[in-house]
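Read off the chains here:
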Amino acid sequence: MRIAPQIQSLIAFPNKIPPKNPISRGAAFVVLVFFALLFAVPLYVMIVTSLKSMDEIRLGHIFALPVAPSFDAWDTAWNKAASGFTNTGLKSGFWNSVFILLPSLAMSVSISSICGYALACWNVKVGNLLLSLLLVCAFIPFPIIMYPLIKITVFLKIYSTSFGVSVVHTILALPILTMIFKNFFSSIPTDLIKAARIDGGRFLGTFFHVVLPLSPNIMIVVAIMQITGIWNDFLVGLTFGNVQAFPMTVNLNNITQTQTGVRVYNVYMAAALLTAIPPLVIYFISGKLFIRGITAGALKG
Amino acid sequence: MVRANLPAQSTGQQSFVHKHAATLAVVPVLLIALFFYFGSTIWSVVMSFTASKIFPDMTFVGLRQYARLFNDNLWYMSLENLALFALGSLGSLVLGFVLSVLLDNNSAGEGAFRTIYLYPMAVSLIITGLVWQWLFNPSLGLQQFFRDLGFKDFVFNWVGDKNKVMYAIILASVWQSTGFYMVLCSAGLKGIDTEVWQASRIDGISKLRMYLEVIIPMMKFTFITSFVLLSIGAVKAYDIIVAMTNGGPGGHSIMPSYYIVDMYTNRRFIALGAAGSTVLLLIVAAFFVLIGVINYALRKRES
Amino acid sequence: MKKVVILGTVLVAATAVVASSFAQQKPLGELVVFNNWSSDAEIGALNVVRNAFQAQGGKWTDITIAHDTGASIPLINMLTGGNPPDVFIESNAGLRRELFKQGLLNDFTAYYNSLKIDKYIPPAVKDAMTVDGKILSAPLAIHIVGTVFWNVAAAKKAGVNPKSWKSMDAMFGDFAKIRKAGIIPLAIGAQKWQLEYLLGSMMVEVSGSLYDDICGLNPKRASIDSKDMRQALAYFRRIQKEADPGSANRNWNDTTALVMRGDALMQLHGDWMKGEFLAAKKKLGVDFDTMLVPGAAGVQVTVDEETFLKPANETKKNSIEALFKIMLTKSITENFSVIKGSTPVRLDATKGIDKHAKLVLAALKKPGFGHPVKNITMDQDWSGAFADLADAFWNTPEMTADQFISQAQGKFDEVFKK
Amino acid sequence: MAQVAVKHLDKVYQGNTHILKDLSLEIDSGEFLVLLGPSGCGKSTLLNCIAGLLDVEGGRVEIDGKDVTNSDPSERGIAMVFQSYALYPTKTVYGNMAFNLRMKRKSKEFIDQKVKETAELLQISELLDRKPATLSGGQRQRAAIGRALVRDAAVCLFDEPLSNLDAKLRTEMRIELKKLHKKIKSTFIYVTHDQVEAMTLATRIAVMDAGRFSQISTPDELYERPANVFVARFIGSPAMNFIYGTISFESGINVISHDGIRFDISSYPFLTKPQNGQRVILGVRPELFHRATSDAKSYSTLLNIVEPLGANVLCYCQLGKSDIVASLNPSDLAGVQTDEELKLEIDLSKVSVFDEASSLRL
């Protein structure tokens, strides 16, 4: 009887290899620090640049700390910059992003997890066929279905609405998410599902009472992937939204691509940071869980 | 143990929904796969044989759009850049693996390191493009910084150099995605039985040898998964091009996705966009058949 | 809450009635305006039109999608798929022709004639408004491409007088001198679309008919391989060789900034550069000055145009006609141009306009001097292919004019093959 | 109390592999029926079919006279204990036991009372708040049984419930199960491949082989009078000795082994009359051998290996050309060394005789 590693990991975490000689450890540490600095540089530059005045930026000292830190650029980016008569800045895009994210997160995770569960734990007649279809779908490049999808959403009257963008995100996420969930749920012992059936758990009852409580890792991993993926999306929001439904990334690109005069890098950086804050916050809060989830095998196969 | 063979449906006293719950649960995904993916793909392929420009137009012109496509230097450049980008973005896997190994051997500050390596993943490619464009800005970015330090001839204007612009894009995307591959590799490393390490210590095999000859082969499926994900990323690459270069200079940073979307939007030439995406689909199909065969062969040898 | 809303609606309606009774007898309704402008100058100028429309009792609702972010896809799909805007910025004749064929656009020909303003409209502008003999759009502003703005102080420092150049060669002749003064002679933003305009400027510099033969509504293959085209390419190549190393992928406004700072002497581009100088508080004729490209045989004229959806009811019809009229009103186009830095769309609109706009209006009076820019007239497929070639020619120094010409012929055959 | 009936049941896997072939079986209420057979014989499949966890291709399942062939598992009035226990890892023992009653929307008080009662019965009251991962194997086993019992199901199904326990615990749990059955008087259907478990627990055993019943009878009957070679070989440890030979009607009824040894089976209660010269298999249980007291009826064997088990001793000997194992009293071996002759006599009244061709009991 093999207990799924994922479930085992709820109980215990694999042990580490004991450390060895201090010299190579020191060398490893130095390399790690070097790369950490390299990875941190862009964020640092973004932050300090956003706090500088343009005059200071023109001096070209990108690493220097701001002489007189000011949040003016942030204010401009959030409230004033961007396109349109109202010059509403990024804040309208922020809410669009929220209204795109929430429904698509809910739809994609619920549909794909239940489908993955049906494929993994129940004997569905078309199951194998569907799995091969999904594998193919996951590899279909987005551009090939982009234009017809536009036509379909136009036909469905959801084109240029935030809900329409949510639907497209859901459609794009389903194949890969369904496969991820199927793989994960396959590791749940069949006996558990059988026991639940005898106990009177029906299809959904068993899912909610037995399967879901076993799946916090996969749920966290998928949720973080979806949240960052959808929030950071550009092309889907651009092609399926309009100004009422443009996500923040499109607003950001509008700001950085179309501002006239001297390019206001401080505002760009502030706008970029504002756009990046929600996924960064989610990541800093739950990144550990994400790492643990993947390490525990949430994304096997 | 017999794997899940619970009946999906049975007949009798139960309600229809209850009986067919599992089947009903897969129907939405099945319909989406068939209708949105396969339907759309077929539509695009059909369009590629027509003369459609701004609006779909059912005048069939045979392979004319494909002839156009393959007579277009930009399309070749985009394919070259795709290959270059795919190869270059392997850098995230290599670096991710190295970092995961180092982290596996170093417990001091592990959490902090992981956090730093992974945070770019939370940042959108539009922002990644913007910040790297900024760092590459010849008069305000890194080039100026180093010149101010006294390296007067330091040149770091990759975005403006047609021979280096792809490296700039690759660098930015490696920065963005390395953390994710580091986590995948960490997962692969954790999945390796600790007894293997104990055995190697008893046999007196050096760590480096172990990684090269035992651990890397053991992690081949992690690498294949990563490779597939990286390839999908390369095929999709669009945002970062928009944010960094818009394909310039001289089309030297154009990629197939950008070429196709540009055909659909700015050039308003549906048929050529559809032809491009059909070719892209064939390339992807060929590539994944290859990966599939390798994967199958490996797994067969395994069992 | 509901009461407040109703009260508000009543008030707005009342205001609208009052306002419209002053200006026009017919009541105006709401217009949804799709717009892809976003800079301060652009928005400020558009507000002139908006305010005038609202003063007449109309309601103006915006949809804005900035340039170069795939604006046409949302627009086309909004038009064909429902929820379309009533008015949208679109200058491309090909698209308007397609949309009109589908019965989506309003035909203003009769209304335009009833306004009796034909003699004030520059021919290039009227050409741009007209598709297949029908007037389908209203012009907002004119910009010309193929103008040179230079930094007066820098010219002084280098000891050159741009106005004295009577030809391109005379201009190139002074470059060494300018360089000696530590100044970049000609600042270029080598992005594809800027290069496209630059090559167009060189073509129209050599010959107006060359430009029309290649970029006009009825392109002629024979003109591709011509002495004039080779001359235009030679100028284009020369400029490329003179460009500074930082020019690749540089934004036009960053390029303008070089001229403003005096790092570069001048920029050869569209005259929307003027807005950048003005925004930086530079004075035309004092800090910077303007002229057409030395020895120019013509200029490319861009006309920003609003196109109107076929109205669904009488109110809408009144509204779009009111807006159409507003745009062609002398005082409005004057004010608009002052703010945007563009040139008015009427030859008689001279009040308050600057030296440069006067220069443009004077040039446009000359018959055959203004040519609607290729964005308006040129087949989009052909236009895109031509732009790709211009971009490639610029970025491939070893590419010869012969190669350019034979490749352009190949593209021409592909595009126009029946 | 319930009666479970399986009638002409057919189960086919993946189109063509017959797992169960035309099975019929009736189980009286209060019975402890054990389904016994080697792995892959279809016993778990049959149990799953009775539980409703598998669809059947033909035949019917009745519980309490009601056709439940197409009913949902939860509607059949059954409970089940799994080999892996299948405890819900995220729920406490209490939560595991209460789950079914909650699904049936029983009142909180009722659930509480029922769970506590059952926990007391199984002596797991102090474990109710713990998660399965913190329990030992035996405790998990009890919890799993508790989960099954809490619902007062008339029929309890057990799918190899003891096979994950160590030998000592298994013996203890076996006795507990027997006690439990006595106490609650439900019908138990129990799958195992362990014949000792089957013999000790069952009121009746159904031995299965390749999707069919080989024999269904009481443990004693099964042991004493196996219906065929398969059952004879499967039941009993060490296994029955088989000696191949032919029937001879010469002076009574004898079996003459192929190497010429004669076994007189005149007193054997034949079910069907044998024929002279019929090829048969003589089955002799190891405990039917005794140290010969007289030379007259003795068989001479060569003692190869001795395995002392304490209460008895297993002797691996050579009788003619057949290898046999005899279970003797330790005292019987006095004075005999390995590789020496050991004279044995056989209680021929209790042997089994099978037809070699059909392998059925004669």
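**Some remarks on the packing of aromatic side chains**
All told, the structure shown has 68 aromatic pairs over all chains when counted by the stated rule. Arranged with centres 5.2 Å apart and planes meeting at 90°, the rings of W382(C) and F412(C) form a pair that is edge-to-face. With W382(C) in helix 19 (residues 380-395) and F412(C) in helix 20 (residues 401-416), this pair connects stretches of sequence that are 30 residues apart. In this pair, the class of W382(C) matches that of F412(C), namely buried. Aromatic ring contacts, followed pair by pair, group Y117(A), W122(A), F181(A), F184(A), F185(A), F203(A), F207(A) and F208(A) into a single cluster. Directly above the ring of F393(C) sits R237(C), whose terminal nitrogen or CZ lies 3.9 Å from the centroid. Note that R147(D) overlies the ring of Y88(D), its terminal NZ or CZ placed 4.9 Å from the centroid.

**Observations concerning the sheet that holds strand 3 (residues 32-36) of chain D**
All names here are of chain D. Ordered by their spatial adjacency, six strands build an open sheet running 6-7-8-3-9-10, and the pairing between neighbours is mixed. Because the sheet does not close on itself, it has two edges, and the strands there are strand 6 (78-81) and strand 10 (212-217). Going from strand to strand, the sheet's axes swing by 15° on average, the running direction of each strand aside. Alignment of strand 3 against strand 9 (residues 204-209), held across four bridges, turns out to be parallel. Bridge pairing links L33 to R204 in strand 9. Sitting on the sheet, helix 5 (residues 167-184) is in contact with strand 3, strand 7 (155-159) and strand 8 (187-192), with an inclination near 160° to strand 8.

**Looking at the environment of K192(C)**
Relative to the assigned elements, K192(C) resides in helix 10 (residues 192-206). Linking K192(C) and N249(C), residues 57 residues apart in sequence, is a C-alpha distance of 8.1 Å.

**Here's the deal with the domain arrangement of chain B**
All names here are of chain B. Under the domain assignment, chain B is made up of domain 1 (1-47) and domain 2 (64-302). Look at where the C-alpha atoms of domain 1 and domain 2 centre, and you get two points 35 Å apart. Buried area between domain 1 and domain 2, both sides added, is near 390 Å², and the carbon and sulfur share of it is 68%. The largest contributions to the domain 1 side of the interface with domain 2 come from S44, V45 and M47, which together make up 76% of the buried area. Here domain 1 and domain 2 share zero salt bridges between them. On the surface where domain 1 and domain 2 come into contact, there are zero residue pairs in polar contact (both at pLDDT 80 or more). Residues that form the side of domain 1 that touches domain 2 fall into these classes: three nonpolar, two polar and no charged.

**Quick notes on the domain arrangement of chain D**
Residues and elements named next belong to chain D. Once the domains are mapped, chain D shows domain 1 (4-233) and domain 2 (241-355). Between the C-alpha centres of domain 1 and domain 2 there is a distance of 39 Å. Summed over both sides, the interface of domain 1 with domain 2 buries roughly 770 Å², with 54% coming from carbon and sulfur. Between the two partners, domain 1 and domain 2, sit zero salt bridges.

**Quick word on the sheet that holds strand 14 (residues 279-284) of chain D**
All names here are of chain D. Strand order in the open sheet formed by five strands is 13-12-11-14-20, with antiparallel pairing between adjacent strands. The sheet is open, and its two borders are formed by strand 13 (262-264) and strand 20 (352-355), each paired with just one other strand. Strand-to-strand twist across the sheet, computed as the mean angle between neighbouring axes with direction ignored, equals 40°.

**Observations regarding helix 11 (residues 208-215) of chain C**
Residues and elements named next belong to chain C. Counting buried positions along helix 11 yields six of eight residues, so the element is predominantly enclosed. The set of residues buried in helix 11 consists of G208, L210, Y211, D213, I214 and C215. In this structure, the buried residues of helix 11 make contact with helix 10, helix 12 (227-242), strand 10 (299-308), strand 11 (370-372), helix 18 (374-377) and helix 19.

**Overview of the side chain of S248(D)**
All names here are of chain D. With respect to the secondary-structure elements, S248 resides in strand 11 (residues 241-248). Given a relative accessible area of 9%, S248 falls into the buried group. Residue contacts for S248: discarding those within four places in its chain leaves I253, N254, I256 and N276.

**Regarding the interface of chain B and chain A**
Frequently, the measure chosen for interface size is the accessible area removed from exposure when the parts meet. With 99 residues of chain B at the contact, the number on the chain A side is 100 residues. Both faces combined, the contact of chain B with chain A buries some 9,300 Å², and carbon together with sulfur accounts for 76% of it. Across the chain B-chain A interface, the total number found is zero salt bridges. Its residues assigned to classes, the side of chain B that touches chain A shows 67 nonpolar, 23 polar and nine charged.

**Concerning the arrangement of the chains**
Where the five pairs of chains in contact are concerned, the greatest contact count is recorded for chains A and B. Taking C-alpha atoms as the reference, chain C and chain D come no closer than 45 Å and do not contact one another.

**Description of the side chain of Q143(B)**
Position of Q143(B) among the secondary structure elements: in helix 7 (residues 142-148). Leave out the neighbours within four places in its chain, and Q143(B) touches P138(B), F154(B), V155(B), F156(B) and N157(B).

**With respect to the interface of chain A and chain D**
Between chain A and chain D, the residue contacts involve 17 residues of the former and 28 residues of the latter. Two residues, R151(D) and D199(A), come together in a salt bridge whose shortest N-O distance is 3.0 Å. At the junction of chain A and chain D, the tally comes to 10 residue pairs in polar contact (both at pLDDT 80 or more). Secondary-structure elements contributing two or more residues to the side of chain A that touches chain D are helix 9 (190-198) and helix 10 (203-211) of chain A. Per-class residue counts for the side of chain A that touches chain D are nine nonpolar, three polar and five charged.

**Some details on unusual backbone geometry**
Residue and element names in this part refer to chain D. Geometrically, the link from S237 to P238 is a cis peptide bond, its omega value of -5° lying close to zero. Despite not being glycine, D339 has its phi angle at roughly 65°, a positive value. Despite not being glycine, S359 shows a phi value in the positive range, around 55°. Mapped onto the elements of the fold, S359 is located in the segment after strand 20. On the basis of relative accessible area, S359 is assigned to the partly exposed category, the value being 27%.

**Some thoughts on the pairing of strand 10 of chain D**
Residues and elements named next belong to chain D. Pairing analysis gives five bridges linking strand 9 to strand 10, with the strands arranged antiparallel. Across the sheet, residue I205 finds its bridge partner in strand 10, namely S217. Turn length for the strand 9-strand 10 hairpin, with the two strands adjacent in sequence and antiparallel, is two residues, and the turn residue A210 shows positive phi of about 50°.

**Concerning the pattern of salt bridges**
A complete count under the given rule lists 50 salt bridges over all chains for this structure. A salt bridge links D381(C) to R68(B); its shortest N-O distance comes to 2.7 Å. Here R68(B) lies in helix 3 (residues 64-69) and D381(C) lies in helix 19, a pairing that spans two chains. In terms of burial, D381(C) and R68(B) fall into one category: buried. Between E117(D) and K114(D) there is a salt bridge, with the nearest N and O atoms lying 3.8 Å from each other. Taken together, the residues E117(D) and K114(D), both in helix 3 (residues 108-122) and three residues apart, mark about one turn of the helix. For E117(D), a relative accessible area of 43% translates into the label partly exposed.

Reading guide: rules and limits
- Residues numbered from 1 in each chain as written.
- Chains lettered and ligands numbered in written order.
- Predicted model: local features only at pLDDT ≥ 70, side-chain atom pairs only at ≥ 80, totals over all residues.
- Heavy atoms only, no water.
- Phe/Tyr/Trp six-rings, centres within 6.5 Å; stacked < 30°, edge-to-face > 60°.
- Helix = DSSP H or I, 4+ residues; strand = E, 2+ residues; numbered from the N terminus.
- Buried < 20%, exposed > 50% of the residue type's maximum accessible area, 1.4 Å probe, protein only.
- Lys NZ or Arg CZ within 6 Å of the ring centre and 35° of its normal.
- Pairing = 2+ DSSP bridges.
- Axes fitted to C-alpha atoms, helices over the stretch in contact; angles between N-to-C directions.
- Contact = heavy atoms within 4.5 Å.
- Domains from an automatic or database assignment.
- Buried area = accessible area lost by both parts, 1.4 Å probe.
- Salt bridge = Lys/Arg side-chain N within 4 Å of Asp/Glu carboxyl O.
- Polar contact = N/O pair within 3.5 Å; in protein donor to acceptor, adjacent residues only side chain to side chain.
- Nonpolar A, V, L, I, M, F, W, Y, C, P; charged D, E, K, R; others polar.

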